[in-house]
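Residue-level structure breakdown
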Amino acid sequence: MAINKIGVPHFTKQDEEVLMKYLNFANLILRVFHLSYLHNCETRRGQMLLWSASKVFEEMTDIERQFHKALYTVRAFLNCDRYSVGLLDMTKTKEFFDLWPVLMGEVPPYDGPKTPDGREVIFYKIIDYILHGKEDIKVIPSPPADHWALVSGLPTYVAETALICNIMNAGADDFFQFQKGPLEDSGWTIKNVLSMPIVNKKEEIVGVATFYNRKDGKPFDEMDETLMESLTQFLGWSVLNTDTYDRMNKLENRKDIFQDMVNYHVKCRKDEIQNILKTREVYGKEPQDCDEDELAQILKTELPSAKESEIYEFHFCDFEHSQIDLVKCGIQMYYELGVVKKFQIPQEVLVRFMYSLSKGYRQITYHNWRHGFNVGQTMFTLLMTGDLKRYYTDLEAMAMVTAAFCHDIDHRGTNNLYQMKSGNPLAKLHGSSILERHHLEFGKTLLSDESLNIYVNLNRRQHDHVIHLMDIAIIATDLALYFKKRTMFQKIVDLSKTYEDWSAWTNFMMLETTRKEIIMAMMMTACDLSAIAKPWEIQSQVALNVAAEFWEQGDLERTVLEQNPIPMMDRNKAADLPKLQCGFIDFVCTFVYKEFSRFHEQIMPMFDRIQNNRKEWKALQDIHEAKVAAIEEEKKKKEEAAASTAMAQQAPPPASQAKTCIIS
C-alpha cells in the first residue's frame, strides 16, 4: 500500500504501474524465500529420518533404547529447547490378582482416561531430553502424576484422544495447567508446547512425544508439526522391529524350554542306565564315579557276543530281542568297529547315547526303535560283512553307523506329503526332505548334550567331518532323492569292474570323497529298505507292520484331511498288498540290491532274498487274483442266469392248439 504521494495531490496511472512492478518483484522474492524455507524443512526432515533410521535399525532389542538412540541422534534437527517421551503401558487386560480387589469392592474400578483401544493411560517411563544449556538426559521410571511433564494433563489428553496439540502460549492456556514459574535452577520456563502421539502399525498409541519452546522464541508452526509428526510416525512404525525381535526372543526361549523338556523325557535317566551299566550292583557307586576299566568290565559281561547275537548277519532278526537287548547290540557294534578305544568314547556316554536313542523313537507301528536299530545293524553289516568298510576310515564308519541309528528318530508314523497337507510346523520349518531334516536335527540335539556326545573327544576337524557325513546320510534316506543318485551309483559300480586289481580300486576309492559319499547315500537307502531283503518269515511280518502304519495314515487323510488316500494307504484295499509289494520291489528295491551285489559279491544274500520274497508275494498275488477271477466268473454266471430267467418271464405264452375235431 502506498499513501500520500509527495508533491502532487494524487497517484497517477504510471504510479500504479510502477507499484505493480515492485509488488510482482516482491511477490517473486517471497515465493523464492518460501520455497527455500520449504526446501530447508524437507531437507531437515529427510536428514532427521535418515539419522533416526540408522539408529532404529541399529537397536532392535528394546523399544526404550530404540527411541532413546533415535531421538538423541536427531536432537539437532528438532529446533526446540527440550523434549520428553512418555512410554505407555501396553497391558490391555489385568491379572486376576489385580482384578480381585476391584471385584470384591475393596478398590474402586478405574474411571480415568483410556486410550482409543481401551487401555488405561499409564506412563511407565518418561525420558527427558534437555538441550538448553548443558545437554542432559533424565530417565524417570514410574513417574508420579505430579511430575512436571505430566501435571499439565497434556500427555494424558494426547494419549486419550490421539490428537496433535500445538500450544502457542503455554502461560495463557486455560485448558492445560502448565507450570507457571521456572522449572529448575536454570530458570527455564515453558513457553510453547507441541505434543503428539506415537502410533505403531496396529494403530495403538505406544507413547507421547512432547516438544517445548521453539529455539527462536516463536510458536511451533505447521512445518514443525509436519516434521515432528514424520518423526513420531517413523518411531511408531519402527516399534514393529522390537516387537518382532521380542517375539523371536520368546520363540527362542520356548524352543530352549521344549528342548529341555524333550531332553528330560528322552535322555537316559540315572536309574535307567543301571539296566546296562550296573555299577550300583557291582561296585556300589554311580557310573561317573567309576573309571573306564571298571565300566569296561561290566559291559564285557552285559553285552551280547557278536556271534550269538548275529549282528554280522544280513538275516538278523529282532523279533526275539527286547528293546534293551537291541540297545546292548548297538553298543557292541561300536566295540566291533574298534572306535570306542581309538576315539576315546566315554563308555558311560556311549551307553547313555544308545539308550536315549531308543527312547527318542516313538511307540508307533513301524518307524519305531526296532526299525531304527535294524537300519543301524544293516549299515554295520554292509561295512563289515559286505566289505564296504575298505573304502572308509574308522571315523567315517562310526559316523555312518551313528547316522543309521538316528535316521528315523521321532518319526510320527506319517510321510512328508502328509506333513505338508496337514500344515504341520515341520513342513513350514523345512522346505524339503521334511522328516529327514527333523530326524537329523533331533540327532544333533542329542549329540549336543555333553552327557550324550560320543564325539566329545574328537578334534574340530574330525567333528566337522562326522557331522557332515551324518547330514548327507540321513537326508539321503528321503526316497525322493533316491532316483537322483541311482545313475551316479551305477556308474561307480561300472567303473569298479574296469579294475582288475582290487587293491588299486580300493586305493583309488579311498581318495574319491564324492564317490564315497554317493556310495554311503545308497547304502543308507539299502539299509532303510533292508526289511525287503530279509528271510520270508521276517519280511512278511514286517511288511504287515509297514502296511498297518500306512493304513493308519490313510485313515487320518480320510478323517482329518477329508481326502481319499492312495491305494497303498487305503485299508479297504488291503487285499492288494501282494500286488503293491511286487510293484515296490520291481520299481524301487531290486536295483539297489542288484547293483550292490554286483559291486561286492558278499552282499549277494540280500539280492537272493529279495528275489525269493518277490516270488512269495507274486504267488500270493496270483492266489488273490485267481480268487478275484473266480468270484468275478461266479458273479458273471449268476448275472447271466438272472438275465435268462428275466427274459423267460417276459416272453409271451405260446399259442394254444385247438382241441375241436372238424369233419368235412
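Residues numbered from 1 in each chain as written. Predicted model: local features only at pLDDT ≥ 70, side-chain atom pairs only at ≥ 80, totals over all residues. Heavy atoms only, no water.

**Topic: the overall build of the protein chain**
This is how the line gets drawn: Every helix listed is a DSSP run of H or I at least four residues long, and every strand listed is a run of E at least two residues long, numbered separately from the N terminus. Within these notes, the globule rule equals 2.2 Å times the number of residues to the 0.38 power, and the radius of gyration is based on C-alpha atoms. Think of it in three bands: with a 1.4 Å probe and only protein chains considered, a residue is buried below 20% of the maximum accessible area for its type, exposed above 50%, and partly exposed in between. Residues are treated as being in contact if the distance between any of their heavy atoms lies within 4.5 Å. Computed with the Shrake-Rupley method and a 1.4 Å probe, the accessible areas treat only the protein chains shown as cover for residues. Under the counting rule used here, the positive set is Lys and Arg, the negative set is Asp and Glu, and His together with the chain ends is not counted. Every charge is mapped to an atom, namely NZ of Lys, CZ of Arg, CG of Asp or CD of Glu.
The secondary structure content of the protein chain amounts to 24 helices and 6 strands. Over its C-alpha trace the protein chain gives a radius of gyration of 42 Å, far above what one expects of a compact globule, namely 26 Å for 664 residues. Considering only C-alpha atoms, the protein chain reaches an extent of 150 × 125 × 70 Å along its principal axes. Within the protein chain, buried positions represent 43% of all 664 residues. In the protein chain, once contacts between residues fewer than 6 apart in sequence are set aside, the share between residues at least 24 apart is 71%. For the protein chain, the accessible area works out to roughly 36,100 Å², and carbon and sulfur atoms hold 55% of it. In the protein chain, which carries 77 positive and 94 negative side-chain charges, the distance between the mean positions of the two groups comes to 4 Å.

**Some remarks on the pattern of salt bridges**
Where charged atoms from two side chains of opposite charge come close, those side chains can pair. Heads up, the rule is: The working definition used for a salt bridge is a side-chain nitrogen of Lys or Arg within 4 Å of a carboxyl oxygen of Asp or Glu.
In this structure the tally under the stated criterion is 34 salt bridges. Between D224 and R214 there is a salt bridge; the shortest N-O distance is 2.5 Å. In this pair, D224 is assigned in helix α5 (residues 222–266) and R214 in strand β6 (residues 205–214), connecting sequence segments 10 residues apart. With a relative accessible area of 1%, D224 lands in the buried category. Look at R214 and you get buried, because its relative accessible area is 11%. Across the pair E512 and R515 runs a salt bridge whose closest N-O atoms are separated by 2.5 Å. When salt bridges that share partners are traced, they join R214, D216, D221 and D224 into one network.

**Some words on the packing of helix α13 (residues 369–384) against helix α14 (residues 394–406)**
Selection criterion: Here an angle of 0 to 180 degrees is reported between the N-to-C directions of two axes, which are lines fitted to C-alpha atoms, with helices fitted over the stretch in contact. Oblique is the label for any angle not covered by the other classes, which are roughly parallel (under 35 degrees), roughly antiparallel (over 145) and roughly perpendicular (65 to 115). Should the near helix be turned anticlockwise from the far one by less than a right angle, the crossing is termed left-handed; should it be turned clockwise, right-handed.
α14 packs onto α13 with a crossing angle of 155 degrees between their chain directions and a minimal axis gap of 7 Å. As summarised for this structure, α13 and α14 are arranged roughly antiparallel, according to the angle between their axes. Both α13 and α14 take part in a crossing whose hand is right-handed. Across the interface between the two elements, W369, G372, F373, V375, G376, Q377, M379, F380 and L383 from α13 touch A397, M400, V401, A404 and F405 from α14.

**Things to note about the environment of P109**
Within the secondary structure, P109 sits in the loop between α3 (96–103) and β2 (123–130). Between the C-alpha atom of P109 and that of L388, which follows or precedes it by 279 residues, the distance is 79 Å.

**Considering the pairing of β6**
Our working rule: We treat two strands as partners when DSSP finds at least two bridges between them.
With 10 of its 10 residues buried, β6 lies for the most part within the structure. Bridging between strand β1 (residues 80–88) and β6 involves 7 bridges; their strand directions are antiparallel. Looking at the pairing, R82 lines up with Y212 of β6. In terms of strand pairing, strand β5 (residues 193–199) meets β6 through 7 bridges, oriented antiparallel. Paired with S195 across the strands is T210, a residue of β6. Here β5 folds back onto β6 in antiparallel fashion, the turn holding 5 residues, of which E203 has a positive phi close to 60 degrees.

**Section: a nonpolar patch on the surface**
Heads up, the rule is: Each patch groups residues whose relative accessible area exceeds 30% and which form no salt bridge, using 9 Å between like charges and 5 Å between nonpolar side chains of Val, Leu, Ile, Met, Phe, Trp and Tyr.
A surface patch of nonpolar side chains, about 720 Å² in accessible area, is lined by F96, F97, L99, W100, L103 and M104. Tracing the backbone shows F97 in helix α3.

**Comments concerning the layout of surface pockets**
Threshold: We place a 1 Å grid over just the protein atoms. Points where a 1.4 Å probe fits but has no way out form a cavity, open points with protein on both sides within 12 Å along at least 5 of 7 lines form a pocket, and any residue with an atom within 4 Å of a point lines it. Grid points are joined across faces, edges and corners, and a volume is the space filled by probe spheres set on the points. Three categories are distinguished: nonpolar for Ala, Val, Leu, Ile, Met, Phe, Trp, Tyr, Cys and Pro, charged for Asp, Glu, Lys and Arg, and polar for the others, with Gly belonging to the last.
For the largest pocket, the calculated volume is near 1,200 Å³. Around the largest pocket, the lining is made up of 46 residues, and of these N415, L479, F550, M568 and F584 lie nearest the centre. Counting residues per element, the lining of the largest pocket draws most heavily on helix α22 (residues 536–559), at 9 residues. Taken together, the residues of the lining of the largest pocket sort by class into 24 nonpolar, 15 polar and 7 charged.

**Describing a negative patch on the surface**
A surface patch of negative charge is lined by E632, E633, E634, E639 and E640. For E633, the location among the structural elements is in helix α24 (residues 604–650). What makes E633 partly exposed here is its relative accessible area of 42%.

**Describing the packing of helix α17 (residues 434–447) against helix α18 (residues 460–475)**
Remark: α17 packs on α18, axes separated minimally by 9 Å, with the N-to-C direction vectors making an angle of 150 degrees. Of the possible angle classes, the one that applies to α17 and α18 is roughly antiparallel. Seen from above, α17 lies across α18 with right-handed handedness. Along its contact with α17, which presents E436, R437, H439, L440, K444 and L447, the element α18 presents I467, M470, D471, I474 and I475.

**A few points about the sheet that holds β6**
Spatial ordering of the open sheet is given by β3-β2-β1-β6-β5-β4, a layout of 6 strands whose pairing is antiparallel. Of all strands in the sheet, those bounded by a partner on one side alone are β3 (136–141) and β4 (165–167). Shown here is a sheet whose adjacent strand axes are inclined to one another by a mean of 15 degrees, direction ignored. As judged from the 3 bridges shared by β4 and β5, these two strands associate in the antiparallel manner. Each bridged residue has a counterpart across the sheet, and for N166 the counterpart in β5 is L194. Lying on the sheet, helix α4 (residues 154–161) is in contact with β1, β2, β4, β5 and β6; it crosses β6 at an angle near 135 degrees.

**So, the packing of aromatic side chains**
The criterion, for reference: Each aromatic pair joins two rings of Phe, Tyr and Trp (for Trp, the six-membered one) with centres within 6.5 Å, and gets the label stacked for planes under 30 degrees apart, edge-to-face for over 60, and tilted for any other angle. Note on criteria: charge over ring means Lys NZ or Arg CZ within 6 Å of the ring centre, with the direction from the centre no more than 35 degrees off the ring normal.
This model, assessed by the stated rule, comprises 29 aromatic pairs. Measuring from ring centre to ring centre gives 5.7 Å for W505 and F508, while their planes differ by 35 degrees; the resulting arrangement is tilted. Of this pair, W505 and F508 both sit in helix α20 (residues 502–510), 3 residues apart, roughly one helical turn. Of the residues examined, F508 reaches a relative accessible area of 25% and is grouped as partly exposed. Aromatic rings pair up to connect Y391, F489, Y499, W505, F508, F596 and F599 into one cluster. The ring of W188 has R82 lying over it, and the distance from NZ or CZ to the ring centre is 5.0 Å.

**Some details on the nonpolar core**
Selection criterion: Among buried residues, the Ala, Val, Leu, Ile, Met, Phe, Trp, Tyr and Cys ones that are joined through side-chain atoms within 4.5 Å form a nonpolar core.
Grouped together as the largest cluster of nonpolar side chains are 104 residues, with contacts concentrated most on Y334, M354, Y455, M523, Y593 and F596. Sequence-distant contacts of Y455, defined by excluding residues within four places in its chain, comprise M398, A399, T402, L447, H463, V466, I467 and M470. L88, V158, C165 and V193 belong to the second-largest nonpolar core, a separate cluster that totals 23 residues.

Functional significance is not addressed by these values, which are geometric in nature.
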